[in-house]
Amino acid sequence: MVILFNAFNGLIQGAFYALMAVGLSLILGLNGVINFAHGGFMAMAAYFAYTLIPYVGFWGALLIAPILAGAVGYVVEQLIVRRLYLRDPLYSLLATFGLALIIQDLLRTIWGAQGVPLTIPDFLNQPLSDVYFFITGYRLFVVALAIISTIGLFAILRFTRLGIRIRAGNSDLETIAAVGVNIYLLRSANFVLGIMFAGLAGILAAGQIGLTPTMGDELIMPSFVAIVVGGVGSLLGSLVGGLIIGVASGVTAAVYPAATEVIIYVIMGIMLVARPRGLFGQEGLLE
Amino acid sequence: MSSQATEIKHDAAPLQKPAFQQRYAFICLAVALLTVPVWLPLLGGYTDLASRVLIFALAAMGLNLLLGFTGGLSFGHAAYFGLGAYGTGLMLANYTHSTLLAVAVGTMIGGLAATLLGPIAVRRRGIYFSMITIAIGQMFYFIAVRWNSFTGGEDGLTGFSRQPIHMPGFTISLHTTSFYYLVLVCFAVGSWILWTILNSPLGHVFVAIRENQKRLTFLGIRVDVYIAVSFAISGFVVALAGSLDALLDNFTSPDNLKYTLSGNLLIICVLGGMRNFWGPLVGAFIFVLVQDYISSITQNWMTVIGLVFVLSVIFFPLGAMGFFRRRSRS
């Protein structure tokens, strides 16, 4: 029963990883950028929500804060990331890495290094069941919202013009540029979409673990692993990868707590040896 | 290593035989480095700062063999730096009083880890390769944080100090100045090895891999193996730098394994110019000095370092050496 409980805990953790990884994966796919600042944007949105909650309430903040983070993401894309598309991946990697440092430092300067709690509505905080294990409504809410937003994303990608262009751009950017799609605009939109996902993940995570300027750091590495395990270029892969490593580290926490973090890297290593392109990855993408 | 077009054109053959001018510059550099303990205090610096510059320069030059000359974008070399540091620290704390033995063991541990893990990382290329190297590096970070009893956990490893080196007939005390010379010797040996490799047929294969991997594959060269070899060599050099770093502070912490350090090593290469052999030395000089100065005057030093990253990437992708070289040509 303990293992089951931990597996469920891991599933919730995995939902955070998956939300992060989906955003990262979007940006990696079309923009060709490993967004190191993803964790920073995530924390930024959480702090925006923290500031907004007294004025617009939790639900309003949940809606507005990711949009604000997306707006900051747009400015960043215009000023920095856009200049680096044609260059070696090294440069965008280093630029977003520097950006992560700047964001973290600014968050600490504005809101302080001390962690602050994010107020969530009371009814979400009620324990739903304490018979076998302790579940608050918030945890279920996180899972539900992660599922809904992912379905929403897949619907956008499947049915809207923007989504179809993003998918087309993922498979061949030059061709869609040749048929008249403004790929710079498209990549900006895609970047903002990815950042908004980071923002959503940030607010949800803050409701659970509280807010610190470094909160993104702990989630970004597992998200990288999720992408590698799931396969670069596949959003579904990132999603599944996130859930797998979440559950794996949850179960490990019950059996051998010291290896909670290390297990996900072991899984990645096994995956790379057994199936280098990842669960759902395409061969040779982004190489 | 990427299929994307690179808008920046680099020299195809970065290592010519030293011309007269270059030999002159090299002698000036050697004299300047040899006399650091004399002139640095006069300028208001301290010798440990120079040791740190050389240590980071050595690490970045090791990384640059893979990054600048083989074209492998590793974001995880902090792991080998940190393993070198922990290896040396743990040897001195628990097993031996010989500083040189501890350095040798630390270097071997870090280098062998790179030798074993390189082949896993080279299964993928490009951005994927970077993500895998980051993740492998973070694994060691978490091991160091979690294995409290052995590594000292998050607080870092203390309880060791560099011991005097006993040679037949004389003893080197390894105070600040003599330790600087130890670092300088290691730096000289490390850079000589790297220089020799780059001017050997092996080094030419590395550069050729960077320039056109596909063509080499058609020529029947096993590109994976060569990238793994480059990875391993750079791992050994970085580990040597790491073990010296542990001796410099008589301390090491999980921060020496974290991806932040990998990022710093990369920006040192880029700042100085990663297509230039001595670029990382220039980069380390700039980076260590800026970091030391900024962190003494403002709390927001992270923002400044972040701006260094962003601005240098956007405006000086060729680094200081590339910038000056282009200047002098035009």
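It should be emphasised that the depicted structure is a prediction, and the values quoted were computed from it without experimental measurement.

Participant: Hey, could you run me through the overall build of chain A in this one?
Facilitator: Within chain A, the regular secondary structure consists of 11 helices and 2 strands. If you list the helices and strands of chain A from N to C, you get α-α-α-α-β-β-α-α-α-α-α-α-α. A compact globule built from 287 residues should have a C-alpha radius of gyration of about 19 Å, and chain A, at 19 Å, falls within 12% of that. Along the three orthogonal principal directions, the C-alpha set of chain A runs to about 60 × 50 × 35 Å. In chain A, which comprises 287 residues, the share counted as buried stands at 58%. A separation of at least 24 residues holds for 76% of the contacts in chain A among residues at least 6 apart in sequence. Carbon and sulfur atoms provide 68% of the accessible area of chain A, an area that totals close to 11400 Å².

Participant: What am I meant to see in the packing of helix 4 (residues 78–95) of chain B against helix 5 (residues 99–121) of chain B here?
Facilitator: Helix packing geometry: the angle between the two helix axes and the distance between the axes. Residues and elements named next belong to chain B. Relative to each other, helix 4 and helix 5 sit at 145°, their axes nearing to 7 Å. Handedness of the helix 4/helix 5 crossing: right-handed. Here Tyr 80, Leu 83, Gly 84, Gly 87, Thr 88, Met 91 and Leu 92 of helix 4 lie close against helix 5, whose contacting residues are Thr 99, Leu 101, Ala 102, Val 103, Val 105, Gly 106, Ile 109, Gly 110, Ala 113, Ala 114 and Leu 117. Partitioned by chemical class, the residues of the contact of helix 4 with helix 5 number 12 nonpolar, 6 polar and no charged.

Participant: Would you explain the environment of Gly 10 of chain A in this entry?
Facilitator: Inspection of the secondary structure puts Gly 10 of chain A in helix 1 (residues 2–31). Taking the C-alpha atoms as reference points, Gly 10 of chain A and Leu 243 of chain A, 233 residues apart in sequence, are found 7.9 Å from one another.

Participant: Is there a simple way to think about the nonpolar core in this case?
Facilitator: Within soluble globular proteins, side chains that are nonpolar generally end up buried alongside one another. With 207 residues, the main nonpolar core has Leu 204 of chain A together with Tyr 80 of chain B as its most contacted residues. Broken down by element, this core gets its largest block of residues, 17 residues, from helix 2 (residues 38–79) of chain A. Leave out the neighbours within four places in its chain, and Leu 204 of chain A touches Phe 16, Leu 19, Leu 62, Tyr 138, Phe 141, Val 142 and Leu 145 of chain A.

Participant: Explain the interface of chain A and chain B to me, please; I cannot follow it from the model alone.
Facilitator: Interface size is commonly expressed as the accessible surface area that is lost when the partners come together. Listed by partner, the interface residues are 54 residues for chain A and 51 residues for chain B. Taking both partners together, chain A and chain B bury about 4700 Å²; carbon and sulfur atoms supply 70% of that area. Applying the counting criterion to the chain A and chain B interface returns 1 salt bridge. In this structure, Arg 146 of chain B and Glu 261 of chain A form a salt bridge, with 3.0 Å as the shortest nitrogen-oxygen distance.

Participant: Just checking my understanding: could you explain unusual backbone geometry for this structure?
Facilitator: Leave glycine aside and you will find that most residues have negative phi; peptide bonds, for their part, are mostly trans. Residue and element names in this part refer to chain B. Positioned with a positive phi, Leu 174 is a non-glycine residue whose angle comes to about 60°. With respect to the helices and strands, the residue Leu 174 is situated in the loop between strand 2 (170–172) and helix 8 (176–198). One non-glycine residue, Asn 250, adopts positive backbone phi at about 50°. Structurally, Asn 250 can be placed in the loop between helix 11 (223–249) and helix 12 (259–272).

Participant: I'm lost on a nonpolar patch on the surface in this one. Help?
Facilitator: Residues and elements named next belong to chain A. Judged by side-chain polarity, Tyr 55, Val 56, Leu 63, Ile 64, Ile 67 and Leu 68 come together as a nonpolar surface patch covering roughly 600 Å² of accessible area. Summarising the element assignment, Val 56 is placed in helix 2. Judged by its relative accessible area of 38%, Val 56 is partly exposed.

Participant: Please explain the packing of aromatic side chains as it appears in this structure.
Facilitator: Residue and element names in this part refer to chain B. A full pass over the atoms with the stated rule returns 25 aromatic pairs over all chains. Judged by centre distance (5.8 Å) and plane angle (75°), the ring pair of Tyr 80 and Phe 231 falls under edge-to-face. In this pair, Tyr 80 is assigned in helix 4 and Phe 231 in helix 11, connecting sequence segments 151 residues apart. An identical accessibility class is assigned to Tyr 80 and Phe 231; each is buried.

Participant: Got a minute to help me understand the pattern of salt bridges in this structure?
Facilitator: Oppositely charged side chains may form a pair once their charged atoms are brought near each other. All names here are of chain B. Scanning all chains against the criterion turns up 7 salt bridges over all chains. For Asp 224, the salt bridge identified is with Arg 125, shortest N-O distance 3.0 Å. Remark: Arg 125 occurs in the loop between helix 5 and helix 6 (126–146) and Asp 224 occurs in helix 11; sequence separation between them is 99 residues. Look at Asp 224 and you get partly exposed, because its relative accessible area is 37%.

Participant: For this particular structure, what's the right way to read helix 8 of chain B?
Facilitator: Residues spaced three or four apart along an α-helix face the same direction, because each turn holds 3.6 residues. Counted at 1.5 Å a residue, the expected span for helix 8 of chain B with its 23 residues is 33 Å, and the 32 Å between its end C-alpha atoms agrees. Of all the residues in helix 8 of chain B, the buried ones are Phe 179, Tyr 180, Leu 182, Val 183, Leu 184, Cys 186, Phe 187, Gly 190, Ser 191, Leu 194, Ile 197 and Leu 198 of chain B.

Participant: Would you explain the side chain of His 77 of chain B in this entry?
Facilitator: Residue and element names in this part refer to chain B. Looking at the secondary structure, you find His 77 in the loop between helix 3 (47–67) and helix 4. A distance of 2.7 Å separates polar atoms of two side chains, one belonging to His 77 and the other to Ser 74. Among all residues touching His 77, those that are not within four sequence positions of it are Leu 63, Leu 66, Phe 231, Ser 234, Gly 235, Val 238 and Ser 262.

Participant: So what exactly am I meant to see when it comes to helix 14 (residues 301–315) of chain B here?
Facilitator: End to end, helix 14 of chain B covers 21 Å across 15 residues, agreeing with the expected 21 Å (1.5 Å per residue, within 8%). Regarding helix 14 of chain B, the residues found buried are Met 302, Thr 303, Ile 305, Gly 306, Phe 309, Val 310, Ser 312, Val 313 and Ile 314 of chain B. In this fold, the buried residues of helix 14 of chain B make contact with helix 2 and helix 3 (89–111) of chain A together with helix 12 and helix 13 (279–297) of chain B.

Participant: Explain the state of the cysteines to me, please; I cannot follow it from the model alone.
Facilitator: Here a disulfide denotes one covalent bond, and it connects the sulfur atoms of two cysteines. All names here are of chain B. Enumeration over the complete set of coordinates arrives at 0 disulfides over all chains. Cys 269 takes part in no disulfide bond, and the closest cysteine sulfur, belonging to Cys 186, lies 19 Å away. By relative accessible area, which is 0% here, Cys 269 ends up buried.

Each value, and the rule that gives it
- Residues numbered from 1 in each chain as written.
- Chains lettered and ligands numbered in written order.
- Predicted model: local features only at pLDDT ≥ 70, side-chain atom pairs only at ≥ 80, totals over all residues.
- Heavy atoms only, no water.
- Helix = DSSP H or I, 4+ residues; strand = E, 2+ residues; numbered from the N terminus.
- Rg over C-alpha atoms; globule rule 2.2 N^0.38 Å.
- Buried < 20%, exposed > 50% of the residue type's maximum accessible area, 1.4 Å probe, protein only.
- Contact = heavy atoms within 4.5 Å.
- Areas by Shrake-Rupley, 256 points an atom, 1.4 Å probe, with all protein chains shown as cover.
- Axes fitted to C-alpha atoms, helices over the stretch in contact; angles between N-to-C directions.
- Left-handed = near helix turned anticlockwise from the far one by under 90°.
- Nonpolar A, V, L, I, M, F, W, Y, C, P; charged D, E, K, R; others polar.
- Core = buried A, V, L, I, M, F, W, Y, C linked by side-chain atoms within 4.5 Å.
- Buried area = accessible area lost by both parts, 1.4 Å probe.
- Salt bridge = Lys/Arg side-chain N within 4 Å of Asp/Glu carboxyl O.
- Patch = residues over 30% accessible without salt bridge, like charges linked within 9 Å, V, L, I, M, F, W, Y side chains within 5 Å.
- Phe/Tyr/Trp six-rings, centres within 6.5 Å; stacked < 30°, edge-to-face > 60°.
- Expected span 1.5 Å × (residues − 1).
- Polar contact = N/O pair within 3.5 Å; in protein donor to acceptor, adjacent residues only side chain to side chain.
- Disulfide = S-S within 2.5 Å.

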